[in-house]
Amino acid sequence: MNITINRSELSDAVNRATAVAPEASPVKELSGVLLEADVSAKSLTVTATNLEMTLEQRLNCDTGEDDALVVNAVLFAAMLKRLPGESVTLHRKDGCGAL
């Protein structure tokens, strides 16, 4: 995953996702947000679910590859809130992510 996206738009989408994703769940993936980059659509889909409700949001972004990643929703929202600047680049190398 290597995408550049508007930080404010991504932060708003992830904050909405935290309202759906349960903080404490026996299935740890449910406390996360799924980020799916689509190079052909130049979009990032942000998805969260609690198995009763699913929230899916599509945001415009610049990406060079199709990829998907699950990150803890609350932690990711807090990280985005503290970052400066108008845009943010998400990069994954060898299974590890970086902002």
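Structure first, text after, so check above.
Computed from a predicted structure; not experimentally measured. (Residues numbered from 1 in each chain as written. Predicted model: local features only at pLDDT ≥ 70, side-chain atom pairs only at ≥ 80, totals over all residues. Heavy atoms only, no water.)

## A word on helix α1 (residues 7-18)
Taking 1.5 Å per residue as the helical rise, α1 with its 12 residues ought to reach 16 Å, and the 16 Å between its terminal C-alpha atoms agrees with that figure. Elements that come into contact with the buried residues of α1 comprise β1 (2-6), β2 (32-38), β3 (43-49), β4 (54-60), α2 (73-82) and β7 (87-93). Backbone nitrogen of Ser8 and a side-chain oxygen of the N-cap are separated by 3.0 Å at the start of α1; the cap is Asn6. (Helix = DSSP H or I, 4+ residues; strand = E, 2+ residues; numbered from the N terminus. Expected span 1.5 Å × (residues − 1). Contact = heavy atoms within 4.5 Å. Polar contact = N/O pair within 3.5 Å; in protein donor to acceptor, adjacent residues only side chain to side chain.)

## A look at the nonpolar core
Leu10, Leu35, Leu44, Val46 and Phe76 are the most contacted members of the largest nonpolar core, which totals 24 residues. Residues in contact with Leu10, not counting those within four places in the same chain, are Ile5, Leu44, Val46, Leu59, Phe76, Leu80, Val88 and Leu90. (Core = buried A, V, L, I, M, F, W, Y, C linked by side-chain atoms within 4.5 Å. Buried < 20%, exposed > 50% of the residue type's maximum accessible area, 1.4 Å probe, protein only.)

## Focus: the pairing of β2
As paired strands, β2 and strand β6 (residues 67-72) are joined by six bridges and run antiparallel to one another. When the bridges of β6 are listed, Leu34 appears paired with Val70. Note that β2 and β3 share five bridges and pair antiparallel. Bridged to Asp38 within β3 is Ser43. (Pairing = 2+ DSSP bridges.)

## Examining the sheet that holds β6
On the basis of which strands lie adjacent, the open sheet formed by four strands has the order β4-β3-β2-β6 and antiparallel pairing. Both edges of this open sheet fall to β4 and β6, since each of them pairs with a single strand only. With strand direction ignored, the average angle separating the axes of adjacent strands in the sheet is 20 degrees. Packing of α2 onto the sheet brings it into contact with β2 and β6, and relative to β6 it is tilted by some 95 degrees. (Axes fitted to C-alpha atoms, helices over the stretch in contact; angles between N-to-C directions.)

## A closer look at the environment of Glu23
The residue Glu23 is located in the loop between α1 and β2 in this model. The class for Glu23 is exposed, based on a relative accessible area of 67%. For the pair Glu23 and Asp94, spaced 71 residues apart in sequence, the C-alpha to C-alpha distance is 27 Å.

## Digging into the pattern of salt bridges
This structure, assessed with the given rule, holds one salt bridge. The salt bridge involving Arg92 is made with Asp67; its shortest N-O contact spans 2.4 Å. Placement of the pair is Arg92 in strand β7 and Asp67 in strand β6, with a sequence separation of 25 residues. Since its relative accessible area comes to 19%, Asp67 is described here as buried. (Salt bridge = Lys/Arg side-chain N within 4 Å of Asp/Glu carboxyl O.)

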